[in-house]
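# Notes for the structure review
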Amino acid sequence: MLTAPLTADALLTRTRSVRRRLDLTRPVPLSLVEECLRIAQQAPCGSGRTPAHWLVVTDPDTRAELGRIYRSAFADQWSGRVPPTGLTGAQRRSIDSAAYLAQVLGEVPVLVLACVETGAPLPPGNQAALWGTLLPAVWSYMLAARSHGLGTTWTAAHLRHEKEVADLLAIPEGIHQGALIPTAYHLGTDFHPASRPPLNTTLHLDRW
Ligand SMILES: Cc1cc2nc3c(=O)[nH]c(=O)nc-3n(C[C@H](O)[C@H](O)[C@H](O)COP(=O)(O)O)c2cc1C
């Protein structure tokens with residue numbers, strides 16, 4: 001069945017984290033991922049900086065190993081932390097689905113690792129301009145993926161084990177990982193805007 005393309009507003013408000021509804025069995029053509037990355041390359045990039053680097057992992061053994069590292073990092077992130085009480089239903093569902101993703105990440109057909117190049121250790125001080133060169137492109141990739149029928153989730157848990165990931169994927173020093181985006185066709189097509197705090201709780205007019 002043909003569906004109408006999403007409007008820009010619908011795309012921006014209905015691109016949700018997809019975890020339980022990632023289709024782990026349907027292969028994703030590399031050409032489709034490349035098309036989404038070409039779109040993402042149009043994101044803003046700090047002047048004089050190298051744009052985002054993309055490491056696309058499709059090899060099953062490498063994905064499995066990356067999945068193992070992610071699972072271990074995710075477990076470290078939660079170890080010793082009492083499950084938070086007083087969560088809303090949406091927050092509880094989000095944590096549960098994150099735990100599900102940690103179990104299956106290595107089975108997701110495509111894992112896209114977004115990196116930024118400095119050629120040196122991360123600089124001290126405010127790094128907004130550095131990460132600002134990478135992170136908008138990551139979101140553009142997720143939006144492009146959604147508009148091409150793919151589901152994604154922003155993940156960062158693996159960064160606790162960044163060196164182990166770098167060793168696995170032969171990432172040289174001076175290249176810094178920013179986000180890991182599991183990518184697959186999604187099961188089902190209904191996506192709704194997320195619940196967010198009212199704008200007036202975060203909007204400051206003229207002064208804080
Ligand atoms: C900086 C950042 C890091 C995140 N890290 C993870 C992660 O490691 N694992 C995960 O499952 N989701 C991760 N998420 C996704 C959030 O948990 C997600 O935005 C949240 O579940 C809300 O879901 P929504 O897209 O439906 O609003 C991350 C999101 C951001 C922006």
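Higher on the page you've got the structure.
Quantities reported herein were computed from a predicted structural model and do not represent experimental measurements.

What counts as what
- Residues numbered from 1 in each chain as written.
- Predicted model: local features only at pLDDT ≥ 70, side-chain atom pairs only at ≥ 80, totals over all residues.
- Heavy atoms only, no water.
- Near = heavy atom within 4 Å.
- Polar contact = N/O pair within 3.5 Å; in protein donor to acceptor, adjacent residues only side chain to side chain.
- Areas by Shrake-Rupley, 256 points an atom, 1.4 Å probe, with all protein chains shown as cover.
- Helix = DSSP H or I, 4+ residues; strand = E, 2+ residues; numbered from the N terminus.
- Nonpolar A, V, L, I, M, F, W, Y, C, P; charged D, E, K, R; others polar.
- Salt bridge = Lys/Arg side-chain N within 4 Å of Asp/Glu carboxyl O.
- Buried < 20%, exposed > 50% of the residue type's maximum accessible area, 1.4 Å probe, protein only.

Now for the site of the ligand. By nearness alone, 14 residues border the ligand, and Ser17, Arg19, Ser94, Trp154 and Arg196 come closest of all. Within the backbone of Ala156, a nitrogen or oxygen atom sits 3.0 Å from an oxygen atom of the ligand. Interatomic distance of 2.9 Å between a backbone N/O atom of Ala157 and an oxygen atom of the ligand. In isolation the ligand exposes 620 Å². Once the protein is present, 62% of that is buried. Top contributing element to the shell around the ligand by residue count: helix H4 (residues 89-104), with 3 residues. Of the residues belonging to the shell around the ligand, the class tally is 7 nonpolar, 4 polar and 3 charged.

This structure, assessed with the given rule, holds 6 salt bridges. Among the salt bridges present, the one from Arg92 reaches Asp96, with a minimum N-O distance of 3.8 Å. Of this pair, Arg92 and Asp96 both sit in helix H4, 4 residues apart, which is roughly one turn of that helix. For Asp96, a relative accessible area of 34% translates into the label partly exposed. For Lys163, the salt bridge goes to Asp167, with nearest N and O atoms at 2.8 Å. Highlighted residues: Lys163 and Asp167, both in helix H7 (residues 162-169), separated by 4 residues, approximately one helical turn. With respect to class, Lys163 is no different from Asp167; both count as exposed. Look at the salt bridges and you will find they share partners, linking Glu65, Arg68 and Glu164 into a network.

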